[in-house]
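Per-entry structural report
Listed here are the chains, written in short residue letters.
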Amino acid sequence: METPREEWGSKIGFILAAAGSAVGLGNIWRFPYMTGENGGAAFVLIYIFFVIFIGFTIMLAELTIGRHSQRNAVGAFEAIFPKTGWKFIGVLGIITGIGILSFYGVVAGWTLGYFFKTLLGDFSRLSGETSFQDVFAGFIGNPVSEIVYLAVFIGITIYIVSRGISKGIERWTKILMPLLFLIIILLVIRALTLGSGVSKGLSFYLKPDFRALKPEIFIRALGQALFSLSLGMGAMITYGSYISKKDNLLSSAAFVVLFDTVIALLAGLAIFPALFAMGMSPKGGPGLVFLVLPSVFDKMPAGTFFGAAFFLLLAIAALTSTISLLEVAVAYFIDEKNWSRVKAAVFTGALAFVVGVPSALSQGASKWFHKIPLVHIPFLDFMNALFGNYALTVGSFFISIFVGWKWGTGAAAKEIALGAGGFKLRAVWAFSVRFFAPFAIFLIFVYLILTGRFF
Ligand code: PHE
């Protein structure tokens, strides 16, 4: 006999969980450093364009597939068109989820480490930018703590996922997301009042210089938009599968996209003025926020308190994202292989940990993983580009083809209209799913293949 599928406790519960998946390190760690490395404001503009015209489209497509089929990322395709190759989109999604979790867990571990460091006053005894740099380099170069923090973070993720969907996830997000939002606002205010350098930072971040625009920026901005919105790997299919038919997919998707984007833009607004005020380079790479923010907190009244609170809340925001990364694989093993939730969570989480070890060691602990053969970048950066950019982009391409051409926008639109009382933007969305999104992604890949500029 079938047990009824778990559902979110309430509509707001679903929105919070989806927003919890979307808001995370992607907004506060990845967005600022990608912006810094890729020329500033021009990147931001292209990013926003992709969020609106591709992100929202795919978000709605994924939620619709999920709610319609009420299944996991693989089973959903199988339910709509049994015995076809489409389910491999879901298989790719599961692999991508574990791939992302492996390096994401490392960076999430850094936030946990920085929580303790701030709390213990490690930063208030320092002065000057080099010393913040030294603390960071020493921290991420320590093999033991890197691996322990990764294990702790993935362990907590496994624990929460194994306790089940609504009990585990909804409770956290409800209280903590608004708090994170508040601290980011405080950070923005402090950063904007740091004096000289601020206006330079603002113009880097807000005044596009299209001469700096390189074609590679398009794939990075698109990848960042998908990464930040948790799209292209079935996370939103899986979360959508727990939504009730009475809920409004359209307004939920719109809210999540808007909220996620506002948080990312605010994070940039806190970081770039501060960064320029301190005379640092925007091309700091994955360490950027860990170098900039501790010194901003240092210059803030009650900085130890706000800094510690910030890193703790960021760790929790990362946790609500890692939960969704793991849930994609877990839902698959529960639905399709009849595994218990606990077994599925432990097995897939352990796998992500093992795959994560080279990333953890790639930031100074091991020379070999610091510059891997062929691509000559650290293993973590490689995984980040491979899974965080390319796999999500490929996944999104096939999801849009599936909905636009195989399943059909008519059938999908019917599902969307349920609980939304109609679907006014239907023609625009259908155009985007069928033509704009897949074509734009296709063009970007043709360019990449022609130039070989993948990493
Ligand atoms: N969106 C998350 C973040 O921005 C990361 C993520 C990507 C989560 C893909 C799930 C799926 O931090």
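Numbers given for residues are sequential positions, taken from 1 along each chain in its written order. Whole-chain, interface and lining totals are the exception, using all residues; otherwise, since this is a predicted model, local features are given only for residues with pLDDT of at least 70 and side-chain atom pairs are given and counted only at 80 or more. Side-chain measures were taken over the full set of non-hydrogen atoms in the model, leaving aside hydrogen atoms and water.

What about the site of the ligand?
Quick reminder of the rule: When we say a residue is near a molecule or strand, we mean one of its heavy atoms is within 4 Å of it. What qualifies as a polar contact is a pair of N or O atoms within 3.5 Å, subject to a donor-acceptor requirement within protein and to the restriction that residues adjacent in sequence count only when both atoms come from side chains. Exposure was quantified through the Shrake-Rupley algorithm and a 1.4 Å probe, taking into account, for residues, occlusion by the shown protein chains and nothing else. Think of it this way: any DSSP run of H or I at least four residues long counts as a helix, any run of E at least two long counts as a strand, and we number them from the N terminus.
The ligand sits among 14 residues. The nearest are Ala22, Gly26, Tyr104, Phe227 and Ser230. For the ligand, an oxygen atom lies 3.1 Å from a polar atom in the backbone of Leu25. For the ligand, a nitrogen atom lies 2.7 Å from a polar atom in the backbone of Phe227. Alone, the ligand offers 320 Å² of accessible surface; in the complex the protein occludes 100% of this. Elements supplying a minimum of two residues to the shell around the ligand: helix H1 (11-22), helix H2 (25-37), helix H10 (216-228) and helix H14 (303-337).

Side note on the pattern of salt bridges
Basically, it comes down to this: Note on definitions: salt bridges are taken to be side-chain nitrogens of Lys or Arg within 4 Å of carboxyl oxygens of Asp or Glu. Relative accessible area decides the class of each residue, using a 1.4 Å probe on protein chains only: under 20% of the type maximum gives buried, over 50% gives exposed, and in between gives partly exposed.
In total, this model carries 8 salt bridges according to the counting rule given. Glu78 serves as the salt-bridge partner of Lys87, at 3.8 Å between the closest nitrogen and oxygen. Taking relative accessible area as the criterion, Lys87 reaches 25% and is therefore assigned partly exposed. Between Glu327 and Arg341 there is a salt bridge; the shortest N-O distance is 2.9 Å. Taken together, the positions of Glu327 in helix H14 and Arg341 in helix H15 (residues 341-360) put the pair 14 residues apart, joining distant regions of the chain.

Here we look at a nonpolar patch on the surface
For clarity, the threshold we go by: Only residues whose relative accessible area exceeds 30% and that form no salt bridge enter a patch; like-charged residues are grouped when within 9 Å of one another, and nonpolar side chains (Val, Leu, Ile, Met, Phe, Trp, Tyr) when within 5 Å.
A cluster of nonpolar side chains, namely Phe439, Phe442, Leu443, Val446 and Leu450, defines an oily patch on the protein surface of about 530 Å² accessible area. You can see Leu450 is positioned in helix H18 (residues 426-451).

Here we look at the environment of Tyr447
Worth spelling out the cut-off: We call two residues in contact whenever any of their non-hydrogen atoms come within 4.5 Å of each other.
Summarising the element assignment, Tyr447 is placed in helix H18. As for Tyr447 and Pro215, which are separated by 232 residues in sequence, their C-alpha atoms are 8.2 Å apart. When residues no more than four places from it in sequence are discounted, the contact partners of Tyr447 are Pro215, Glu216 and Arg453.

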